[in-house]
Amino acid sequence: MATPISTVMSPARYVQGKDAITRVGEFVAPIGKRPLLVADDVVWGIVEDAVRTSFDAAGLPVERVGFGRFATPQAIDDLVSTIRETDADVVVGLGGGSAIDAAKASGHLAGIRWASVPTAASTDAPTSALAVVYSEEGEFIEYRFFPHNPDLVLIDTKLVANAPVQFLVAGIGDALATWVEARAAKRANADTMAGGLQTETGVALARLSWDLLHDNALQAIESVKAKVVTPALEKVVEANTLLSGLGFESGGLAAAHAIHNGLTAAPQAHGLAHGQKVNVGTVAQLVLEGAPAQEVEEFVVFTTKVGLPNTLTEIGLTVDDRDVLRAVAEAACVESETIHNMPFPVTPEAVVDALVAIEGISRSVRAAHGLPEPEPYRAH
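Residues numbered from 1 in each chain as written. Predicted model: local features only at pLDDT ≥ 70, side-chain atom pairs only at ≥ 80, totals over all residues. Heavy atoms only, no water.

A word on the environment of Phe 70
Formally: Under the scheme used here, helices are H or I runs from DSSP no shorter than 4 residues and strands are E runs no shorter than 2 residues, and both carry numbers assigned from the N terminus. Any pair of residues with heavy atoms lying within 4.5 Å of one another is described as a contacting pair.
Summarising the element assignment, Phe 70 is placed in the loop between β3 (64–65) and α3 (73–86). Considering only alpha carbons, one finds Phe 70 and Glu 136, 66 residues apart in sequence, at a separation of 6.7 Å. Sequence-distant contacts of Phe 70, defined by excluding residues within four places in its chain, comprise Ala 75, Ser 98, Tyr 134, Ser 135, Glu 136, Glu 137 and Gly 138.

Quick look at the structure:
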């Protein structure tokens, strides 16, 4: 039996700031001379001028390929073919988490380097050495792990400020889970996504993400509504992207993300952002572990103010959808899932009970604090 080790992983360089996209060529040039840019039409329409100007200044050619909605096995394989056809030596994912994950996965398979350029702070995917692979319908298939993180992560906070506010809100939901899951993994002494036990560094970064969000999230949301960059927004972007990314990878995942993965199989929840479903998973994890009532109450109040779902109603389900909830729970509890990093055994029955319980708990907390009742979600 191998001796246990602790490990932490991180990207080679992280760049964040207002108008950072105007310097992307400067930071890509040391990584490769024949970049392939992966971006959908909407994202490319937003960043094309800045990227072309920056690449021209850095002496880099502009070669861009479009992207669909999800990082599917076929989308990844198609990108590998394009990399080989263009003789690219670095692939740059621009836009959302799936485009970035597809770029990472294809770069790994093609044996070249890769960079992440998110245009919203909507997930913690950009910094990690893994990709989440989905079906064409958006159902979770698998995690793919890579031997190293991106060579570059660059995020322009002006782009974040001008993106729809629901993207930032979803990123907050994804990032809030980081500390809740890391502390559970710590109690279980579980391995992390980095391939070893936690370091104190990984746990501390997860906690810092949590603290920055509680101090700055509401101000940052108002900044995005006003389309301005403020210190609060800079801190939340760092929490959502860098701290949550390092915190989940080197701090450990647990029930919240496993329940998210289960929820991708529920048609009623299709169309919801990753972080919205993760937040429901976080509330369910707090119930599963018997967290103190005050902690659950504070989490429900805070996430309601942020605009995140914390009831079944808000993800298109009800307490009577027992067959669907059972399917979600079984998917969350498959042998390979991170729910088994909880410091106690978790069964599908326990997950169903927790999901059912959060409806009444969240409704009662919201009512006691004069917060709005949940609005039913209808899948598009």
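Resuming the write-up.
Observations regarding the pattern of salt bridges
A side chain of one charge can pair with a side chain of the opposite charge if their charged atoms are brought near each other. Note the cut-off: Whenever Lys or Arg places a side-chain nitrogen within 4 Å of a carboxyl oxygen from Asp or Glu, that contact is recorded as a salt bridge. Only protein chains enter the calculation, and the probe is 1.4 Å; a residue is then buried if its accessible area is under 20% of its type maximum, exposed if over 50%, and partly exposed in between.
Scanning all chains against the criterion turns up 19 salt bridges. A salt bridge links Glu 359 to Arg 363, with the shortest nitrogen-to-oxygen separation between them at 2.7 Å. With Glu 359 and Arg 363 both in helix α13 (residues 348–368) and four residues apart, this pair spans about one turn of that helix. Since its relative accessible area comes to 8%, Glu 359 is described here as buried.

Description of the packing of helix α7 (residues 200–225) against helix α11 (residues 293–306)
Just so we agree on the cut-off: Axis lines are fitted to C-alpha atoms, over the contacting stretch for helices. Their N-to-C directions set the angle, which ranges from 0 to 180 degrees. Less than a right angle of anticlockwise turn of the near helix away from the far helix marks a crossing as left-handed, whereas a clockwise turn marks it as right-handed.
Here α7 crosses α11 at 30 degrees, and the two axes come no closer than 10 Å. You can see that α7 and α11 cross each other, and the crossing is left-handed. From α7, Trp 210, Leu 213, His 214, Ala 217, Leu 218 and Ile 221 reach across to α11, where they touch Phe 299, Phe 302, Lys 305 and Val 306.

Notes on the pairing of strand β8 (residues 152–156)
Let me state the cut-off plainly: Two strands are said to pair when DSSP picks up at least two bridges between them.
Of all five residues in β8, five are buried, a share of seventy percent or more. On β8, burial covers both faces: Leu 152, Leu 154 and Asp 156 on one face and Val 153 and Ile 155 on the other are all buried. In this structure, strand β1 (residues 14–17) lies alongside β8, joined through four bridges in parallel fashion. When the bridges of β8 are listed, Val 15 appears paired with Leu 154.

What to know about α7
Because the α-helix completes a turn every 3.6 residues, residues three or four places apart line up on one side. Definition in use: Expected helix span is given by 1.5 Å per residue-to-residue step, counting one fewer step than there are residues. One fitted axis covers the seven residues ending at a residue, a second covers the seven starting there, and the bend at that residue is the angle between these axes.
In this model, α7 (26 residues) spans 36 Å end to end at C-alpha, consistent with the 38 Å of a helix rising 1.5 Å per residue. The sharpest bend along α7 measures roughly 55 degrees and falls at Asn 216. One or two steps after α7, the chain reaches Lys 227, where phi turns positive at roughly 60 degrees.

What about the side chain of Ser 116?
To be explicit about the condition: Here a polar contact is recorded for every N or O atom pair within 3.5 Å, except that within protein the pair must consist of a potential hydrogen donor and a potential acceptor, and residues adjacent in sequence are included only if both atoms are side-chain atoms.
Inspection of the secondary structure puts Ser 116 in strand β5 (residues 113–118). A distance of 2.8 Å separates the side chain of Ser 116 from the backbone oxygen of Pro 126, its partner in a polar contact. When neighbours within four sequence positions are excluded, Ser 116 is seen to be in contact with Gly 93, Ile 100, Pro 126, Pro 150, Leu 152, Val 153 and Leu 154.

Here we look at the UniProt feature "domain: Alcohol dehydrogenase iron-type/glycerol dehydrogenase GldA" (unreviewed entry) in the protein
The cut-off we apply is this: UniProt positions are given in the numbering used here, feature names are shortened, and annotations may be inferred rather than shown by experiment.
With numbering aligned to this structure, UniProt lists the feature "domain: Alcohol dehydrogenase iron-type/glycerol dehydrogenase GldA" (unreviewed entry) at residues 11–157. Along residues 11–157 the backbone is 35% helical and 26% strand, and the end-to-end C-alpha distance reaches 19 Å.

Here we look at the sheet that holds β5
In space, the six strands of this open sheet follow the order β1-β8-β5-β4-β2-β3, with parallel pairing throughout. Of all the strands in the sheet, the pair left with one neighbour each is β1 and β3. As paired strands, strand β2 (residues 35–38) and strand β4 (residues 90–95) are joined by four bridges and run parallel to one another. Following the sheet pairing, Leu 36 is matched in β4 by Val 91. Contacting β2, β4 and β5, helix α4 (residues 97–110) runs over the sheet at an angle of about 170 degrees to β4.

Let's talk about the layout of surface pockets
To be explicit about the condition: Cavity means a closed set of points on a 1 Å grid over the protein atoms alone, one where a 1.4 Å probe fits but cannot get out, pocket means an open set with protein on both sides within 12 Å along at least 5 of 7 lines, and lining means a residue has an atom within 4 Å of a point. Grid points are joined across faces, edges and corners, and a volume is the space filled by probe spheres set on the points. Put simply, Ala, Val, Leu, Ile, Met, Phe, Trp, Tyr, Cys and Pro go in the nonpolar bin, Asp, Glu, Lys and Arg in the charged bin, and everything else, Gly too, in the polar bin.
Considering only enclosed or pocket space, the largest pocket measures out at about 1200 Å³ in volume. If you go around the largest pocket, you meet 49 residues; those closest to its centre are Gly 96, Gly 97, Ser 98, Ser 122 and Thr 123. For the lining of the largest pocket, the elements supplying multiple residues, two or more each, are α2 (41–58), α4, β6 (130–134), α5 (157–162), α6 (165–188), α9 (255–263) and α10 (274–288). Taken as a whole, the second largest pocket encloses approximately 310 Å³ of empty space. Among the residues making up the lining of the second largest pocket, the classes are represented as seven nonpolar, four polar and four charged.

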